[in-house]
Amino acid sequence: MMGMSRTVKNGKTVAFEFLQIVEGEKGIFYISKPSQNSGETSFKLVKAGPAEATFENPKHDLPQRIIYRRDTTNLFASIEGTRNGKAMKIDFPMVKAKCE
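The notes below deal with the structure included here. (Residues numbered from 1 in each chain as written. Predicted model: local features only at pLDDT ≥ 70, side-chain atom pairs only at ≥ 80, totals over all residues. Heavy atoms only, no water.)

Quick word on the overall build of the protein chain
- Secondary structure assignment for the protein chain yields 0 helices and 8 strands.
- Order of helices (α) and strands (β) in the protein chain, N terminus to C terminus: β-β-β-β-β-β-β-β.
- Referenced to the eigenvectors of the C-alpha coordinate spread, the extents of the protein chain come out at roughly 40 × 35 × 30 Å.
- Considering the protein chain as a whole, with its 100 residues, one finds that 22% of them fall into the buried category.
- Summarising the internal contacts of the protein chain: among those between residues at least 6 apart in sequence, 5% fall at separations of at least 24.
- Taking the 16 positively charged and 11 negatively charged side chains of the protein chain as two groups, their mean positions are separated by 5 Å. (Helix = DSSP H or I, 4+ residues; strand = E, 2+ residues; numbered from the N terminus. Buried < 20%, exposed > 50% of the residue type's maximum accessible area, 1.4 Å probe, protein only. Contact = heavy atoms within 4.5 Å. Lys, Arg positive; Asp, Glu negative; His and termini not counted. Charge placed at Lys NZ, Arg CZ, Asp CG, Glu CD.)

Dropping the structure here:
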């Protein structure tokens, strides 16, 4: 599975990220390539269910965990981890929109 996200500010794209979910010999991985990084980062699927998937990479700076949850109409993503010894969590509620 492949995907892309972008951050738009004042009508201009200021950041983007290419995403993949791949299955290999060692499991299922979420692979992220944000515009500000020269390389990719992999997160292993550690929990999966009908409405939630959790990917982890404890060696990564931030995030160490990426979580996707859905209910009947919405999709929610969050990233979690520790930065400078402090636990952090950022939520990304998603809204279905038309592609133009």
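So, the sheet that holds strand 5 (residues 52–56)
- The strand order across the open sheet built from 8 strands is 1-2-3-4-5-6-7-8, with neighbouring strands paired in antiparallel fashion. Since the sheet does not close on itself, it has two edges, and those belong to strand 1 (2–9) and strand 8 (86–94), each with one partner. Neighbour-to-neighbour, the strand axes of the sheet open up by a mean angle of 25 degrees, direction not taken into account.
- As paired strands, strand 3 (residues 27–34) and strand 4 (residues 41–48) are joined by 4 bridges and run antiparallel to one another. Across the sheet, the residue bridging to I31 is S42, located in strand 4. (Pairing = 2+ DSSP bridges. Axes fitted to C-alpha atoms, helices over the stretch in contact; angles between N-to-C directions.)

Some remarks on the packing of aromatic side chains
- Evaluation of the coordinates by the stated rule reveals 4 aromatic pairs.
- An angle of 40 degrees between the planes, with centres 6.0 Å apart, marks the rings of Y30 and Y68 as tilted. Highlighted residues: Y30 in strand 3 and Y68 in strand 6 (residues 65–70), separated in sequence by 38 residues.
- Residue Y68 is classed as partly exposed on the basis of its relative accessible area of 22%. (Phe/Tyr/Trp six-rings, centres within 6.5 Å; stacked < 30°, edge-to-face > 60°.)

Some points on unusual backbone geometry
- Following L62, the chain continues to P63 via a peptide bond in cis, the omega torsion being 0 degrees.
- Mapping P63 onto the fold places it in the loop between strand 5 and strand 6.
- Located in the positive-phi region is N10, a residue other than glycine, with phi close to 55 degrees.
- Among the structural elements, N10 can be located in the loop between strand 1 and strand 2 (12–24).
- Phi at N84 is positive, roughly 55 degrees, even though this residue is not glycine.
- Assignment of secondary structure puts N84 in the loop between strand 7 (75–83) and strand 8.
- What makes N84 exposed here is its relative accessible area of 75%.

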